[in-house]
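# Secondary and tertiary structure notes
Single-letter residue listing:
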Amino acid sequence: MKSKKLVVRVTEFEKKQLQEEADRRGMTYSELLRSLIARFPLPKDSV
C-alpha cells in the first residue's frame, strides 16, 4: 500500500475534541483519524 499525505484543516476546538476522543478510546490522534477514515465507503471504480 502506498502512503499519501492528507492535509485536513480543523479549528483548535475541533482538534481538542478529536484529541479528547482519542484519549477516551486509548489511542493516538493519528490512530483515531485512520479509524474514522476506514469507516468511509469504498470508492467506486472510475472505469
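Everything discussed here concerns the structure shown above.
Numbers given for residues are sequential positions, taken from 1 along each chain in its written order. Local features in a predicted model are, by the rule used here, given only for residues with pLDDT of at least 70; side-chain atom pairs are given and counted only at 80 or more, and totals for whole chains, interfaces and linings are based on all residues. To get the side-chain values, all heavy atoms of the structure are used, and hydrogens and water are removed first.

What follows deals with helix α1 (residues 12–25). Only runs of H or I of at least four residues qualify as helices and only runs of E of at least two qualify as strands under DSSP, and these elements are numbered from the N terminus. Residue count minus one, scaled by 1.5 Å, sets the expected span of a helix. Helix length check: α1 (14 residues) gives 20 Å between terminal C-alpha atoms against 20 Å at 1.5 Å per residue, within 8%. Gly26 sits one or two positions beyond α1 and adopts a positive phi of about 70°.

Turning our attention to the packing of α1 against helix α2 (residues 29–38). Between two packed helices, the angle of one axis relative to the other and the distance separating the axes together describe the packing. Put simply, α1 and α2 touch, their axes get as near as 9 Å, and they point 95° apart. Classified by the angle their axes make, α1 and α2 are roughly perpendicular. Contacts between α1 and α2 involve Lys15, Leu18, Gln19, Glu21, Ala22 and Arg25 from the former and Tyr29, Leu32, Leu33, Ser35 and Leu36 from the latter. Grouping the amino acids of the contact of α1 with α2 by side-chain chemistry returns six nonpolar, two polar and three charged. Here an angle of 0 to 180 degrees is reported between the N-to-C directions of two axes, which are lines fitted to C-alpha atoms, with helices fitted over the stretch in contact. Angle categories are assigned with fixed cut-offs, so that under 35 degrees is roughly parallel, over 145 is roughly antiparallel, 65 to 115 is roughly perpendicular, and the rest are oblique. Residues are treated as being in contact if the distance between any of their heavy atoms lies within 4.5 Å. Residues are grouped as follows: nonpolar covers Ala, Val, Leu, Ile, Met, Phe, Trp, Tyr, Cys and Pro; charged covers Asp, Glu, Lys and Arg; every other residue, Gly included, is treated as polar.

Time to look at the pattern of salt bridges. Counted as salt bridges are all cases of a side-chain nitrogen of Lys or Arg within 4 Å of a carboxyl oxygen of Asp or Glu. In this structure the tally under the stated criterion is two salt bridges. Note that Glu21 and Arg24 form a salt bridge whose closest N and O atoms lie 2.8 Å from each other. A residue pair is termed a helical-turn pair when its members lie 3 or 4 positions apart in one helix, as Glu21 and Arg24 do in helix α1 at three residues. Between Glu21 and Arg25 there is a salt bridge whose closest N-O contact spans 2.8 Å. Here Glu21 and its partner Arg25 are both found in helix α1, four residues apart, which amounts to about one turn of the helix. Residues joined by salt bridges that share partners form a network here, namely Glu21, Arg24 and Arg25.

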